[in-house]
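If you want the building blocks of each chain, they are given just below.
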Amino acid sequence: MRIIISRFFMLLIVSASFTSVHAQTGQKPKPNIVLIYTDDLGYGDISSYGTSAIATPNIDRLAATGVKFTNAHATSATCTPSRFSLLTGKYAWRKAGTGIAPGDASLIIPVNTTTLPGMLQKAGYNTAVIGKWHLGLGDEKGADWNGKITPGPIEIGFNYSFLIPATGDRVPCVFVENHHVVNLDKNDPIKVSYTGPLDPNAPTGKKNPELLKMHPSHGHDMTIVNGISRIGYMTGGKSALWKDEDFADVLVKKAKAYITKNKSNPFFLYFSTHDIHVPRVAHERFVGKSGMGPRGDVLLQLDWTVGQIEEILAKYGLSDNTLIIFTSDNGQVIDDGYKDEAVEKLGNHKPGGIYRGGKYSAFEAGTRVPFIVKWNGKIKGGVSNDALFSQVDLYASLAALADVPVEASQAPDSKNHLPVLLNQSNQSREFLVEQSINSTLSLLIGKWKYIEPSKGPQINKDTNTELGNLPEPQLYNLADDPGEIKNLATVYPDRVKEMKQKLDLIKQQ
Ligand code: NG6
Ligand code: CA
């Protein structure tokens, strides 16, 4: 009994001294931040957003215990620019060379940038990126895959990195941990080329379809790794090659190790899943489980992943002190280059919900993505928020949360909307810019959406995506017409003019 009582008093003293430290320094306690950044997940892909034919119970639980945002956007309808904006607080279309990066691209974020993780480091956070990177690695000569790979995440604000360097469908098909390729045998060096074959005798998807377990539908017919042909050419590095089936397990394992190591200090984990990008190759535990082919199976795998992250946080008692953000880098795509039955088995699943277009598109499904925020005890769960919110604002909002000042030149497009993020407000952003694959820009203000005129193609024939490009301006009233069917540009020419001027102004900033 005496032990219990003295423990109780000790606890009181410890917690009192914590309070007084914060009171004295004026510092706010810093929650951990886990950003689960999924790939190509559509607005309607998860059951809590209403139109999914696949049950995603772990993600649904996140929504049931957190806030579901219904009008939150990635900045772009493709990966690299969305990630660039997320980490820099700057719209990617302001900077050349930020489109979908080839697998041998140099680091596209300048090393002198104070990135989102760099900013959090200033507040005492340990920071990590685990998963898909796709922002380039190395200097202007590219990455030295056989030596020290630098600059990369470590040079721009991450304390730890474990990467799929570009995407799962691009070479090199190896993991990079901090500065080095994992499991590389020095006697079998890696060579990478995006201009032509390195070994004329090496099999390719194009020449040797008999070697494939998953066949390309368009592109993706070059180097074969793990029975799957990829974009780009690669030789060597045999001992380091990844197995797609293990992606989710490997990334979860690394995330668990990172959280375990950092459980006693504030941390920021940018957990960037491979799922549900192509090639969709689920672990055997999930194969055939969705009834919707590989795309459905990797969706179940993603759901499992989310459950695992929540579980490890709970195990260490970190749930009440961790802000979890779950979202996607762009909207859905069905056939993105492999014959994986995604189209054939879609059934009545509506991956883009009620929205038109998808990945690559200027229409809403390009950038309007699931966005769930959970913070046990701090945010009341099971509610939704319809504020217009952009991922570009995570930078300034998380800076506010961590109490870090942001200079004017830093994160120029990012605005502090922390009250929205924490669901204390549903005040929309004043405006929001969306970027399509061919950099057609759209402007959202309130219920109005303006898509600038574009000479780009109307359809991506390979993926069968409506891209939203028209040579004339488009104007939609999203309140009445969320599916962007009725172009009202000729009905409201003044509004079109006004929105064009506003967009021009934003472009000049
Ligand atoms: C496209 C690829 C597509 C996907 C995309 C990038 C072809 C034909 N298509 O060029 O499969 O990799 O790039 O996706 O190669 S993203 O989510 O990383 O932006
Ligand atoms: Ca993507």
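As a reminder, the structure under discussion sits directly above these lines.
Residues numbered from 1 in each chain as written. Chains lettered and ligands numbered in written order. Predicted model: local features only at pLDDT ≥ 70, side-chain atom pairs only at ≥ 80, totals over all residues. Heavy atoms only, no water.

### Focus on the pairing of strand β14 (residues 371-374)
- Side chains of β14 alternate between two faces, with F371 and V373 and I372 and K374 buried alike.
- When strand β13 (residues 322-328) meets β14, the two strands line up antiparallel, connected through four bridges. Residue I325 lies in a different strand from β14, and its bridge partner there is V373. (Buried < 20%, exposed > 50% of the residue type's maximum accessible area, 1.4 Å probe, protein only. Helix = DSSP H or I, 4+ residues; strand = E, 2+ residues; numbered from the N terminus. Pairing = 2+ DSSP bridges.)

### Here's the deal with the nonpolar core
- Of all hydrophobic cores here, the largest spans 106 residues; its most connected members are W133, L269, L323, F326 and L421.
- Tallying contributions element by element places helix α6 (residues 293-315) first for this core, with eight residues.
- Apart from the residues within four sequence positions on either side, L269 is in contact with I33, V34, L35, A128, I130, A255, Y258 and I259.
- Within the second largest apolar cluster, 16 residues are counted, among which are Y91, Y450, L488 and L503. (Core = buried A, V, L, I, M, F, W, Y, C linked by side-chain atoms within 4.5 Å. Contact = heavy atoms within 4.5 Å.)

### Looking at helix α3 (residues 79-88)
- Most of α3 is tucked away, with 10 of its 10 residues classed as buried.
- What α3 keeps buried is the set C79, T80, P81, S82, R83, F84, S85, L86, L87 and T88.
- Close packing links the buried residues of α3 with β1 (32-38), α4 (116-122), β4 (126-132), β12 (267-272), α7 (394-402) and β17 (432-435).
- Positive backbone phi, approximately 70 degrees, marks G89, located one or two places after α3.

### Some thoughts on the packing of aromatic side chains
- Within the structure shown, the criterion is met by 18 aromatic pairs.
- Plain terms: the ring middles of F363 and Y476 are 6.2 Å apart, the flat faces sit at 70 degrees to each other, and that makes the pair edge-to-face. Here the residue F363 occupies a position in the loop between β13 and β14, and Y476 occupies one in strand β22 (residues 474-477), the gap between them amounting to 113 residues. Just as F363 is buried, Y476 falls in that class too.
- In this structure an aromatic cluster arises from ring pairing among Y37, W133, F158 and Y270.
- Positioned over the ring face of W304 is R285, at 4.7 Å from the centre of the ring. (Phe/Tyr/Trp six-rings, centres within 6.5 Å; stacked < 30°, edge-to-face > 60°. Lys NZ or Arg CZ within 6 Å of the ring centre and 35° of its normal.)

The values are spatial; any link to function lies outside them.
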